[in-house]
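The residues making up each chain are set out below.
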Amino acid sequence: MVKRMGIVWNLRRLMAEWDMFQTTDLIPALTEHGVHLSHEQVYRLVAQVPQRLSMDVLAALCSILHVTPADLITVIDSHVQVSKPTATGETTAAATAPPARRVRLTRPGER
């Protein structure tokens, strides 16, 4: 069993608590805090878990929503089952894979 960390991004839920139901509702508030993002960037910030986040954006979001970074980000543990090799050296996933079939590729117009 391998332990991996997962992240839950709570921005959309926190925005809803402040009656901000559209991503464009966040743009003026970010601008007031000196953060200038395009509509697409704000949409991705709200709709997806950001892989990178500047400290200015994080501080602005915390100030706008009156929360801490711990309220925005929830870290969860997810345990992943790792396939163990069988006696033949194959992993269990490969042992249960469907058999390979031989195919013949032809160019259009050939037979």
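Values in this document were obtained by computation on a predicted structure and should not be read as measured data.

Novice: I'd like a rundown of the overall build of the protein, residues and numbers included.
Specialist: Secondary structure assignment for the protein yields six helices and two strands. N-terminal to C-terminal, the α/β element order of the protein is β-α-α-α-α-α-β-α. For the protein, buried positions account for 23% of its 111 residues. When the accessible surface of the protein is totalled, it reaches about 8,800 Å², and 54% of it is carbon and sulfur.

Novice: Before we move on, could you go through the side chain of Asn-10 and cite the residues and values that matter?
Specialist: Relative to the elements of secondary structure, Asn-10 occurs in the loop between β1 (2-9) and α1 (11-17). Judged by its relative accessible area of 9%, Asn-10 is buried. In this structure the side chain of Asn-10 is engaged in a polar contact, spanning 2.8 Å, whose partner is the side chain of Thr-74. If we skip the residues at most four places from it in the chain, Asn-10 touches Asp-71, Leu-72, Ile-73 and Thr-74.

Novice: Give me the lowdown on the environment of Glu-32, citing residues and values where you can.
Specialist: One can find Glu-32 in helix α2 (residues 26-32). Classification of Glu-32 by relative accessible area gives exposed; the value is 70%. Once the C-alpha coordinates of Glu-32 and Ile-64 are considered, the two residues, 32 residues apart in sequence, prove to be 9.5 Å apart.

Novice: Outline the layout of surface pockets, listing residues and values.
Specialist: By volume, the largest pocket amounts to about 290 Å³. With three residues, helix α3 (residues 39-47) is the single largest residue contributor to the lining of the largest pocket. When grouped by side-chain class, the residues that make up the lining of the largest pocket number six nonpolar, four polar and two charged.

Novice: Which residues make up the pattern of salt bridges, and what values do they have?
Specialist: Oppositely charged side chains are able to pair whenever their charged atoms sit close together. Enumeration according to the criterion identifies one salt bridge in this entry. Two residues, Glu-17 and Arg-13, come together in a salt bridge whose shortest N-O distance is 3.0 Å. Placement of the pair is Glu-17 and Arg-13 together in helix α1, with a separation of four residues, close to one helical turn.

Novice: Account for α3, with residues named and values stated.
Specialist: Of the positions making up α3, those classed as buried are Val-42, Leu-45 and Val-46. Each buried residue of α3 lies within a common arc of 90 degrees when the element is viewed along its axis, so the set occupies one face.

Novice: Describe the environment of Val-42, with residues and values.
Specialist: Turning to its location among the elements, Val-42 is positioned in helix α3. On the basis of relative accessible area, Val-42 is assigned to the buried category, the value being 1%. For the pair Val-42 and Thr-23, spaced 19 residues apart in sequence, the C-alpha to C-alpha distance is 6.4 Å. Discounting residues that sit within four places of it in the chain, Val-42 has contacts with Thr-23, Leu-26, Ile-27, Leu-30 and Leu-37.

Novice: Outline a nonpolar patch on the surface, supporting the account with residue identities and numerical values.
Specialist: A contiguous nonpolar surface patch, about 370 Å² in accessible area, is contributed by Met-5, Ile-7, Val-49 and Val-75. On the secondary structure map, Val-49 appears in the loop between α3 and α4 (55-65).

Conventions used here
- Residues numbered from 1 in each chain as written.
- Predicted model: local features only at pLDDT ≥ 70, side-chain atom pairs only at ≥ 80, totals over all residues.
- Heavy atoms only, no water.
- Helix = DSSP H or I, 4+ residues; strand = E, 2+ residues; numbered from the N terminus.
- Buried < 20%, exposed > 50% of the residue type's maximum accessible area, 1.4 Å probe, protein only.
- Areas by Shrake-Rupley, 256 points an atom, 1.4 Å probe, with all protein chains shown as cover.
- Polar contact = N/O pair within 3.5 Å; in protein donor to acceptor, adjacent residues only side chain to side chain.
- Contact = heavy atoms within 4.5 Å.
- 1 Å grid on protein atoms, 1.4 Å probe; cavity = no way out; pocket = protein on both sides within 12 Å on 5 of 7 lines; lining within 4 Å.
- Points joined across faces, edges and corners; volume = space filled by probe spheres on them.
- Nonpolar A, V, L, I, M, F, W, Y, C, P; charged D, E, K, R; others polar.
- Salt bridge = Lys/Arg side-chain N within 4 Å of Asp/Glu carboxyl O.
- Arc of directions from axis to C-beta.
- Patch = residues over 30% accessible without salt bridge, like charges linked within 9 Å, V, L, I, M, F, W, Y side chains within 5 Å.

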